[in-house]
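Okay, here's what each chain looks like letter by letter:
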Amino acid sequence: MNGQETLRALVIRGSRNLFTVRLECSGEEMECRIKGKVLKQVTDYYNPLAPGDIVEIEGGQILGFEKRRNEFGRFNQKGNAQQILASNVDIVFCVTSFSSPPFRPRFIDRVLLQADAAGIPAAIICNKYDLAGEIDPDAGLDIEERLSDYERIGHPVFRLSAKTGEGLDKFKSFAAGKFSVLTGQSGVGKSSLLNIISPGLNIKTGAINEKYKRGVHTTTQGILFQVREGNVSTRFVDTPGIRRFALAGIPPEDIILHMKEFAPLAGKCSYGLSCSHISEPGCKLMEAVDAGIIHEDRYVSFLKIRQELSGNTGYQDND
Ligand code: GDP
């Protein structure tokens, strides 16, 4: 016995070895380093711990973390490794906007796929609904069509405006009591949304590249926020806005299993598991596209993501 008490704490944010944690016993926040700099449980990740992890602290140092229920991550291209954005989460929200920046279904498909592979339900927030009337009517109809399709296949969709407050109550009551991760492209309005949900947070908005650059913290880590209303505690991890969501840890042959409307068709083609889903007769995926069961654009996403994860090539667009 060394006489020091072991305490449980929740990771709020952190860089590679300095973490802000909240002690379970007192609610006090403190900064801690990992004892011996390396956690035994962690091998090839970009970051050893993420917001949502429950850690053991002794003498102000982190000894280890509790087994995770799940982990939501992405591929960190700079670090060339898988990065965990949050762990132990209930739901992933992919935040997009009707306009400014433009709506990007390919980004959504990547986030939905990564969440499904982690066994986490995912929903879509389409912010800046107040701008819906200002965009080209055909583009607006396309966005509506895509959003309805996501709802059809089973992902909740929230059309709202952080500016006017429209649609916000529905989202707030859905998120209440849950632990959510918000991920989206820079500028879609994640910070504005979080500020409305909890005005006390005062997260900087607009200054896209500045808000994560405080102190020793790097620009790539998520931050956990907690909002209490009555005895309901709602938690969010806000992740830094990113240009492109790179997938991590998903073998190309598993993509089909993690896209909701594709999964029931896996292995059902005439050529079974060897079907490339591009030209074969009796391909159930292509038949489903023709029958309207798979949206054509989701099929394009499927092909692009598979090509990218297979490492063959030229896939360099910003989707
Ligand atoms: P983040 O990078 O996703 O955190 O986005 P911010 O919350 O910083 O917002 C980016 C810009 O979009 C800011 O200028 C906000 O004022 C603006 N914005 C956020 N939400 C809305 C909205 O619902 N409607 C409109 N018109 N602008 C918004």
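Scroll up for the structure.
Owing to the predicted nature of the structure, the values given are computational and were not obtained by experimental measurement.

A. Local environment of the packing of aromatic side chains. Applying the stated criterion across every chain yields a total of 10 aromatic pairs. Consider the rings of Phe72 and Phe245, whose centres lie 5.8 Å apart with planes at 25°: the pair is stacked. A residue pair is termed long-range when its members are at least 10 positions apart, and Phe72 in strand β6 (residues 71–76) and Phe245 in the loop between β13 (232–238) and α5 (284–290) qualify at 173 residues. Here Phe72 matches Phe245 in class, with each residue buried. Look at Phe158 and Phe174: their rings are 4.9 Å apart centre to centre, the planes differ by 50°, and that puts the pair in the tilted class. Placement of the pair is Phe158 in strand β10 (residues 157–159) and Phe174 in helix α3 (residues 168–175), with a sequence separation of 16 residues. Overall, the relative accessible area of 4% leaves Phe158 in the buried class. For Phe174, a relative accessible area of 24% puts it in the partly exposed group. Taken together, the ring pairs in this structure connect Phe93, Phe158, Phe171, Phe174 and Phe236 into an aromatic cluster.

B. Quick look at the pairing of strand β5 (residues 61–65). In this structure, strand β3 (residues 29–34) lies alongside β5, joined through two bridges in parallel fashion. Residue Ile34 lies in a different strand from β5, and its bridge partner there is Ile62. Strand direction decides the pairing type here: strand β4 (residues 54–58) and β5, joined by four bridges, are antiparallel. Note that in β5 the partner of Glu58 across the bridge is Gln61.

Calculation criteria
Residues numbered from 1 in each chain as written. Predicted model: local features only at pLDDT ≥ 70, side-chain atom pairs only at ≥ 80, totals over all residues. Heavy atoms only, no water. Phe/Tyr/Trp six-rings, centres within 6.5 Å; stacked < 30°, edge-to-face > 60°. Helix = DSSP H or I, 4+ residues; strand = E, 2+ residues; numbered from the N terminus. Buried < 20%, exposed > 50% of the residue type's maximum accessible area, 1.4 Å probe, protein only. Pairing = 2+ DSSP bridges.

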